[in-house]
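Summary of structural features
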Amino acid sequence: MITYLFIFLAVLAVASALAMVINKNTVNSALFLVLNMVSLAGLFLLLKAQFLAVIQILVYAGAIMVLFLFVIMLLNVQDEESLFSKFRIKYFVAFLLGVVVFSQILYSIGSFSGTLPTVAPEMTEVGTVEAIGDVLYSEYLLPFHIIAMLLTAAMNGALMLAQHKVRTEDNK
Amino acid sequence: MIGIDWYLALSALLFCVGIIGVLIRKNAIVIFMCVELMLNAVNLTLVSFSSHYGNVDGQIMVFFSLAVAACEAVVGLAIIIAIFRNNLSVDISKINLMRW
């Protein structure tokens, strides 16, 4: 059962990622990315990381993608021409580079395949909110506070960058 | 039960789809979404190692990387809005002010 679920979610994730890359409409690309994130959340559930699966949907598919969709609709981006309308040497080079990097990573995974761990028996207790909160608020308390400051700084930076300066005649 | 190497291969595949997307697309927003896809692929690697070793530290790392990705998305989209206001386009082949 878990095997079939994994195959289903993996095919869904890869297909939605490919659809995101080749779609010429930006809004459709963003919606395919949401689908990709939801299937990744399903994979996190298969890995018994319940907390991260919930956070993935709340933060990524909820907050970040809503921000993306807001910006896309605010900027009124036109459709690009289809990627397949004419062949460019750039596409071929990009595809080749992607395949090279993929085979490199696969080769390194394959050479370490014997030393990789099998399923840990204590895996079921690792991903719960209780276990993560326990470590997050004791061992990782300082990084947690630094992240809070980073979020505040990012919010201020975004406000500074995106604020609209009115262009009048004497203020150009 | 699926072994860890399948999860690693899946995340490598997603990462490479992200690389190809960054290289072939011209729309700055879509390039940004491809970067998010690559971040997600790495998160999948961290989570699969974390649960196969039974160690929670990898999931904490993913939690922090989610927060950093949120910051990055906010600042990046603000920059894209600022660029759009100057050029009326998010096509990166038309943004050539600092290109030689």
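See the structure printed just above.
Quick caveat: nothing in here was measured; it's all calculated off a predicted structure.

**Focus on the overall build of chain B**
The number of helices and strands found in chain B is 3 helices and 0 strands. Reading chain B from its N terminus to its C terminus gives the helix and strand order α-α-α. Against the 2.2 N^0.38 benchmark of 13 Å for 100 residues, chain B shows a C-alpha radius of gyration of 17 Å, more extended than a compact globule. The burial tally for chain B puts 52% of its 100 residues in the buried class. For chain B, the proportion of contacts with a sequence separation of at least 24, taken over those separated by at least 6, is 45%.

**Things to note about the overall build of chain A**
What chain A contains, in helices and strands, is 7 helices and 0 strands. Along chain A, from the amino end to the carboxyl end, the secondary structure elements read α-α-α-α-α-α-α. When each of the 172 residues of chain A is scored for burial, the buried share is 26%. Excluding contacts between residues fewer than 6 apart, the proportion of contacts in chain A whose partners are at least 24 apart in sequence is 59%.

**Some details on the interface of chain B and chain A**
Every contact between the two is made by 59 residues of chain B and, on the other side, 70 residues of chain A. When residues of the side of chain B that touches chain A are traced back to their parent elements, those giving at least two are α1 (4-24), α2 (28-53) and α3 (57-87) of chain B. Of the residues forming the side of chain B that touches chain A, the biggest block, 21 residues, is contributed by α3(B). Here the residues of the side of chain B that touches chain A sort into 46 nonpolar, 9 polar and 4 charged.

**Digging into α3(B)**
Since the α-helix turns once every 3.6 residues, residues separated by three or four places project in the same direction. Its 31 residues give α3(B) an end-to-end C-alpha distance of 44 Å, which sits within 8% of 45 Å, the value for a rise of 1.5 Å per residue. Among all positions of α3(B), only Gly58(B), Gln59(B), Ile60(B), Val62(B), Phe63(B), Leu66(B), Ala73(B), Val74(B), Gly76(B), Leu77(B), Ala78(B) and Ile80(B) are buried. Residues of α3(B) that are buried sit in contact with α3 (50-75), α6 (129-136) and α7 (141-162) of chain A together with α2 of chain B. Downstream of α3(B) by a residue or two, Leu88(B) has a phi angle that is positive, lying close to 55°.

**Focus: the packing of helix α2 (residues 26-46) of chain A against α3(A)**
All names here are of chain A. The interhelical angle for the contact between α2 and α3, taken along N-to-C directions, is 175°, at an axis separation of 8 Å. With respect to α3, the element α2 is oriented roughly antiparallel. In this structure, α2 uses Thr26, Val27, Ala30, Leu33, Val34, Met37, Val38, Leu40, Ala41, Phe44 and Leu45 to contact α3, whose residues at the interface are Gln50, Leu52, Ala53, Gln56, Ile57, Tyr60, Ala61, Met65, Phe68, Leu69 and Ile72. Residue composition of the contact of α2 with α3, grouped by class: 19 nonpolar, 3 polar and no charged.

**What to know about the environment of Gly98(A)**
As for its position among the elements, Gly98(A) is in helix α4 (residues 89-111). Judged by local crowding, Gly98(A) falls into the buried class, with 21 C-beta atoms found within 10 Å. Among residues more than four places away in sequence, those in contact with Gly98(A) are Cys16(B), Ile19(B) and Ile20(B).

**What about the packing of α2(B) against α3(B)?**
Residue and element names in this part refer to chain B. Here α2 crosses α3 at 175°, and the two axes come no closer than 9 Å. As summarised for this structure, α2 and α3 are arranged roughly antiparallel, according to the angle between their axes. Contact with α2, carried on its side by Ala28, Ile29, Phe32, Glu36, Leu39, Asn43, Leu46, Val47, Phe49 and Ser50, involves Asp57, Gly58, Gln59, Met61, Val62, Ser65, Ala69, Gly76 and Ile80 of α3 and no other residues of that element. Residues belonging to the contact of α2 with α3 are distributed by class as follows: 11 nonpolar, 6 polar and 2 charged.

Definitions and limits used
Residues numbered from 1 in each chain as written. Chains lettered and ligands numbered in written order. Predicted model: local features only at pLDDT ≥ 70, side-chain atom pairs only at ≥ 80, totals over all residues. Helix = DSSP H or I, 4+ residues; strand = E, 2+ residues; numbered from the N terminus. Rg over C-alpha atoms; globule rule 2.2 N^0.38 Å. Buried ≥ 20, exposed ≤ 12 C-beta atoms within 10 Å, placed from the backbone. Contact = placed C-beta atoms within 7 Å. Nonpolar A, V, L, I, M, F, W, Y, C, P; charged D, E, K, R; others polar. Expected span 1.5 Å × (residues − 1). Axes fitted to C-alpha atoms, helices over the stretch in contact; angles between N-to-C directions. Parallel < 35°, antiparallel > 145°, perpendicular 65-115°, else oblique.

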